[in-house]
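# An overview of the molecular structure
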Amino acid sequence: MTSNPVPTLPNNTYLSGRRKRIYSLLGLCAALIVVVAVATSIGSVKIPLLTTFQILLDRLPFVDISPTWQSTIATIVLEIRLPRVILAGLVGAALAIAGATYQGLFRNPLADPYLIGVAQGASLGAIVGFLLPTAWNIPGFGIIPLLAFIGALLATVIVYALARVGKTLPVTTLILSGVALSALLGSIVSYLIISSGEKMHGIIFWLMGSFSMSQWSEVRIVLPYVAVGTAVIIIFARLLNVMQLDEEQAQQLGVNVERLKLILLAAATLITAASVSFVGTIGFVGIIIPHAVRLIWGADHRFLLPLSVLTGAIFMILTDIAARTVLAPTEIPIGVITAICGAPFFLYLLRRRKKAIF
Amino acid sequence: MKNALKKLGAICLAAALFAGLVTSCAKAPESATPIPAQITDQLGRAVTVKASPQRIVSLAPSNTEILFALGLSDRIVAVTDYCNYPPEAKTKPSIGGFSTPNIEEVIAKNPDLILAADIHKDKVIPPLEAKGLTVIALNPKTIDEVITSIELVGKVTGKEKEAADLAANMQKRIKVVTEKTGKLSPEQQPSTCFVVWHDPLMIANFGTLQDELIKKAGGSNTVGLLSSKSGYAEISLETFLAANPAVMIAGVGMGTGEDLPLQFLTSETRLADTDARRNNRIYSIDQDLVGRAGPRIVEALEQFARFIHPELFK
């Protein structure tokens, strides 16, 4: 009796696809490190590349290079550019994975991190912070990020409470409540902008999103939220795959659908709120990066999510470079750059593939 | 009898002449400008001032200060919410904000002269003129133009003498400063910047009053040179840090922003190594003095001179 050979897949597409994605993950990690180093050496003040690398390397433990540079240059590299680049990477990663999560949860290609009111809630909170008398100012970074965060979370809680039906959270109701509340908050935001008088410029600047004046204290606050939230979401990546089937099917396959929705929504909303509170509402990244990653590497969430994290981080750092160098020393609001750069690239990807990707 | 009559006649004649002389002297300043006056305001608009204005509305705090400085306080019928100098200005009725005056309230005051500013050009001046009201816009961009604007107001209100006196006084005070600073060589002019706001970081570049104040007070606006934008220019923190100005001046008391720019300059950790911080040359000035194109701009100049050259001005 001959033993039956283990059936193998033709061309071993699954394994080769998997290998390709793993290599891509490693490649993107390396690319991220390179991009961070490059971004730190670019700015409106000309600093020789070698000096920047020396300053960065000097910060590593066990490495000691005697300083041949002025302390001002070190301050620029380490206290102005590096936290900015890292914050940009964090926010890009956060928005990308939150977008991928929302798209997976809602099974809707148009979902983005701001769908259920986070952006408008944060905007309203921030504007209230702008308009409050400055006696309430927290030295360091002011009261605006705190109020923006509270606003974002409050908006999400309200939408969640409105959308609940008994013990379930129907996805359609969630989207509709989110859209309605966003519209209401958006109108209040518009009214406050018009009546803000001399603060209007600062408010509009905040709303368009910016990484200028980023500092380490902000990175220290955003990092835990983004790290924990991302870890939680990636742990549930396989379940998110299963969720792409009908919810009923997923439930029958053993997924606790309602609990999963709650956990993933909470995690994605937290990381979006944390990002938006410090840098303003940067659009486009959360919706386009996950789609671009799907077009290149497929929709398996076990790879989609980490690849979105890396791609989002790299994309945001690159657009931030553009934002501060194209019209130096003036800065272009980063939301403008993300749209101008991202949209054509995405359209190109779409045309190249010429197939349905969702 | 004839002698007595002659004497009486002579006295009456003398009295009549004297009375005529006195009254005509008293009227002389009022009738120095032929009414109606055709003038060109500082926005280049040709305006006809119909009569000696008795009900004046001011749409800008700087205009209010000019009116009070010329002694026209009892002719002012309305000012803006922000008109706070002199203190008497706060007792006048208000017609709204600086950029948002209430047009209906202005019209309701039945003014025969309205002093507006540049920002009222598109939305405020047209409806007022459509009602047949006389609007003069003041838009001084330099200290000399501030003095010209004062003289213009004096001309249309019949206060030319007061305006000329005020102008002369201002010129004298300016000269006290520029006499000494004019003799300084470029190396003796410390790099100075005026910080308008801290987030985003904005400084006063060429084309602003503050830039002119810095130059006249013997400083050099080197940070401004790094930006090609005129007016109030945004600048990145790293450019500011690398420029390392020797003297930093921030405006305080602006709206409800209070002294946030000053707090930023004095407490931001990343500026700890700058010359200005280490040598303790960060100064603040009341925004009302330095941001208003009115008579007190010379006081701002004197303060700037004391900040930038404490060795020359006490």
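Residues numbered from 1 in each chain as written. Chains lettered and ligands numbered in written order. Predicted model: local features only at pLDDT ≥ 70, side-chain atom pairs only at ≥ 80, totals over all residues.

## Examining the overall build of chain B
- Helix and strand content of chain B: 13 helices and eleven strands.
- In chain B, which comprises 314 residues, the proportion classed as buried is 43%.
- For chain B, restricting intrachain contacts to residue pairs at least 6 apart in sequence, the fraction spanning at least 24 positions comes to 59%. (Helix = DSSP H or I, 4+ residues; strand = E, 2+ residues; numbered from the N terminus. Buried ≥ 20, exposed ≤ 12 C-beta atoms within 10 Å, placed from the backbone. Contact = placed C-beta atoms within 7 Å.)

## Structural notes on the overall build of chain A
- Helix and strand content of chain A: 14 helices and zero strands.
- Of the regular secondary structure in chain A, the N- to C-terminal order runs α-α-α-α-α-α-α-α-α-α-α-α-α-α.
- Against the compact-globule benchmark of 21 Å for 358 residues, chain A has a radius of gyration of 22 Å, which places it among compact chains.
- Split into buried and exposed, the 358 residues of chain A put 42% on the buried side.
- Restricting to contacts in chain A with at least 6 residues of sequence separation, those with at least 24 account for 76%. (Rg over C-alpha atoms; globule rule 2.2 N^0.38 Å.)

## Section: the interface of chain A and chain B
- Chain A puts 22 residues into the contact, and the matching count from chain B is 23 residues.
- Among the elements that make up the side of chain A that touches chain B, the one with the highest residue count is helix α3 (residues 71-106) of chain A (seven residues).
- Split by residue class, the side of chain A that touches chain B holds eight nonpolar, nine polar and five charged. (Nonpolar A, V, L, I, M, F, W, Y, C, P; charged D, E, K, R; others polar.)

## Here's the deal with the sheet that holds strand β4 (residues 76-78) of chain B
Residue and element names in this part refer to chain B.
- Pairing is parallel in the open sheet, where four strands are placed in the order β4-β3-β5-β6. Two strands lie at the open edges of the sheet, namely β4 and β6 (135-138), each paired on one side alone. Within the sheet, the average angular offset between the axes of one strand and its neighbour, ignoring direction, is 35°.
- Bridging between strand β3 (residues 56-58) and β4 involves two bridges; their strand directions are parallel. (Pairing = 2+ DSSP bridges. Axes fitted to C-alpha atoms, helices over the stretch in contact; angles between N-to-C directions.)

## A few points about the packing of helix α5 (residues 144-163) of chain A against helix α6 (residues 171-194) of chain A
All names here are of chain A.
- Closest axis-to-axis distance for the α5/α6 pair is 9 Å, and the angle between their directions is 135°. In terms of orientation, α5 lies oblique with respect to α6. For the crossing formed where α5 meets α6, the hand is right-handed. For the pair α5 and α6, contact is made by Ala155, Ile158, Val159, Leu162 and Ala163 and by Thr173, Leu174, Ser177, Gly178, Leu181 and Leu185, respectively. (Parallel < 35°, antiparallel > 145°, perpendicular 65-115°, else oblique. Left-handed = near helix turned anticlockwise from the far one by under 90°.)

## Comments concerning helix α6 (residues 160-181) of chain B
All names here are of chain B.
- Across its 22 residues, α6 extends 31 Å between first and last C-alpha, which sits within 8% of the 32 Å expected from 1.5 Å per residue.
- If you look at α6, its biggest bend is around 25°, right at lysine 175.
- Within α6, burial applies to Ala163, Leu166, Met170, Val177 and Thr181. (Expected span 1.5 Å × (residues − 1). Bend = angle between axes of the 7 residues up to and from the residue.)

## Thoughts on the domain arrangement of chain B
Residue and element names in this part refer to chain B.
- Structurally, chain B comprises domain 1 (37-172) and domain 2 (185-308).
- Centre-to-centre, using C-alpha coordinates, domain 1 lies 29 Å away from domain 2.
- Each partner contributes residues to the interface: domain 1 has 13 residues there, and domain 2 has nine residues.
- Only α2 (61-69), α5 (143-157) and α6 provide two or more residues apiece to the side of domain 1 that touches domain 2. (Domains from an automatic or database assignment.)

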